[in-house]
Amino acid sequence: MNILLTGGAGYIGSHACVVLLEAGHDVIVVDDFSNSSPEALVRIEGIAGKPFAHYRVHLADRPALRAVFEAHPVDAVMHFAGFKAVGESVEKPLLYYWNNVTGTTVLLETMADFGVRNIVFSSSATVYGDTDRVPTDELCPAAPTNPYGRSKWMIELMLQDLFRSDPSWHMAILRYFNPVGAHESGLIGEDPNGIPNNLVPYIAQVAVGKREWLRVFGNDYPTRDGTGIRDYIHVMDLVEGHLAALDKLAAGPGFDVYNLGTGKGTSVLEMVAAFESASARKIPYRILPRRPGDVAVSTADPTRAQRELHWQARRDIHDMSRDTWRWQMQNPDGYGRNG
Ligand code: UFG
């Protein structure tokens, strides 16, 4: 199939690009490189050993996006593009709504104009907000707590309304838990801009000597060691879930929502221990107060994806730590954007 990937140079998109090429699909990447590097595309081509088309386009640039659809037959879209920093979204809500929601609106209009009605959308477990329902299944009501999460939820609602108006669409909404890890080659991985917000990239930078110590945000949560528990999922498992979703789209029209997680929770200190063992480095840390907005525990109930997509995460936190470490060691400055 011909698959158009928005945000194909980003963290998840780049890994999806590799597995799609390796599965024999043709890929067209659209990315504005606002939070990614063209170098990722060079690396992807090296891993997959197969060239693919790519364009520097912002989704809200309608003429440029139309030109891509005119130049290529597209069977399905995997929509990864979007801003994703919670704190920044609180400071610049309009930027997030414009980039994420407006960009998606133009994408969907363009798809409809060109008769492309297959889409896999990257949503987030963040749409559940601060829920007591843990592990969380897809029927848990959405209650996002910040503009980033609300932009994802607004897109889900938009897709739902579009499907109601035209049930010939094939839509799969994938709610990611905490993606970590990297391709086993160590050639592509997560390349955070500036100081990492997320735990695993931060730990990796401490291990490699770029940062002195990890700030552990709170050890007074009602969890087994007092630190926050999350459902970390290896990015390769995650993108394999997208291949499974593509098969589901091929089965017929529909609007389906799936959690992509492992169902297993790992605490901050357990992740530190796993990373110390994978890297054979000590990760110094200090306990700080809780980070505002954090919840104690977030884990997925991935039963629906197992049942309907015949997909299950296979990699554990040791695989995640080992692969993150390989990427970090081989690329101490990521793709080189941060100098
Ligand atoms: N943590 C630390 N130190 C750090 C970073 C994180 O102790 O330097 C802790 C957090 O308090 C939390 C856990 O590590 O307990 C995981 O934090 P992350 O920032 O890695 O992940 P979150 O679960 O907070 O973030 C995820 C997604 C976001 C999403 C958010 C919604 O990565 O995209 O959930 O809350 F928006």
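Quick look at the structure, then. Keep in mind it's a predicted model, so treat the numbers as computed, not measured. (Residues numbered from 1 in each chain as written. Predicted model: local features only at pLDDT ≥ 70, side-chain atom pairs only at ≥ 80, totals over all residues. Heavy atoms only, no water.)

1. Quick look at the overall build of the protein chain
How we decide: Going along the chain from the N terminus, every DSSP run of H or I of four or more residues is numbered as a helix, and every run of E of two or more is numbered as a strand. Here the radius of gyration uses the C-alpha set of atoms, whereas the globule reference equals 2.2 Å times the residue count to the power 0.38. Only protein chains enter the area calculation, which uses a 1.4 Å probe; residues under 20% of their type maximum are buried, those over 50% are exposed, and those in between are partly exposed. The contact criterion used is simple: two residues touch if any of their non-hydrogen atoms lie within 4.5 Å. Charge assignment: positive for Lys and Arg, negative for Asp and Glu; neither His nor the chain ends contribute. Charged groups are reduced to one reference atom each: NZ for lysine, CZ for arginine, CG for aspartic acid, CD for glutamic acid.
If you tally the helices and strands in the protein chain, you get eleven helices and 14 strands. Scaling as 2.2 N^0.38, a compact globule of 339 residues should have a C-alpha radius of gyration of about 20 Å, and the protein chain matches this with 19 Å. With the C-alpha coordinates aligned to their principal axes, the bounding extent of the protein chain is approximately 55 × 40 × 40 Å. Considering the protein chain as a whole, with its 339 residues, one finds that 54% of them fall into the buried category. Across the protein chain, the fraction of contacts at a sequence separation of at least 24, relative to all contacts at a separation of at least 6, is 79%. Between the centroid of the 32 positive side chains of the protein chain and the centroid of its 40 negative side chains there is a distance of 3 Å.

2. A word on the sheet that holds strand β14 (residues 297-298)
Counted only if it meets this: We call two strands paired when DSSP finds no fewer than two bridges between them.
Reading across from one edge, β12-β9-β14 is the order of the three strands in this open sheet, with mixed pairing throughout. Each edge of the sheet is formed by a strand with only one pairing partner; in this case those strands are β12 (266-267) and β14.

3. Observations concerning the pattern of salt bridges
Put simply, the rule reads: Think of a salt bridge as a Lys or Arg side-chain nitrogen and an Asp or Glu carboxyl oxygen that are within 4 Å of each other.
Enumeration according to the criterion identifies 24 salt bridges in this entry. We note a salt bridge from R133 to D137, for which the minimum N-O separation is 3.0 Å. The partly exposed category is assigned to R133, whose relative accessible area is 35%. In this structure D137 comes out as buried when scored by relative accessible area, which is 19%. Among the salt bridges present, the one from E276 reaches K282, with a minimum N-O distance of 3.4 Å. The exposure class assigned to K282 is exposed, which follows from its relative accessible area of 65%. Here the salt bridges do not stand alone but share partners, grouping D237, E240, R314 and R315 into one network.

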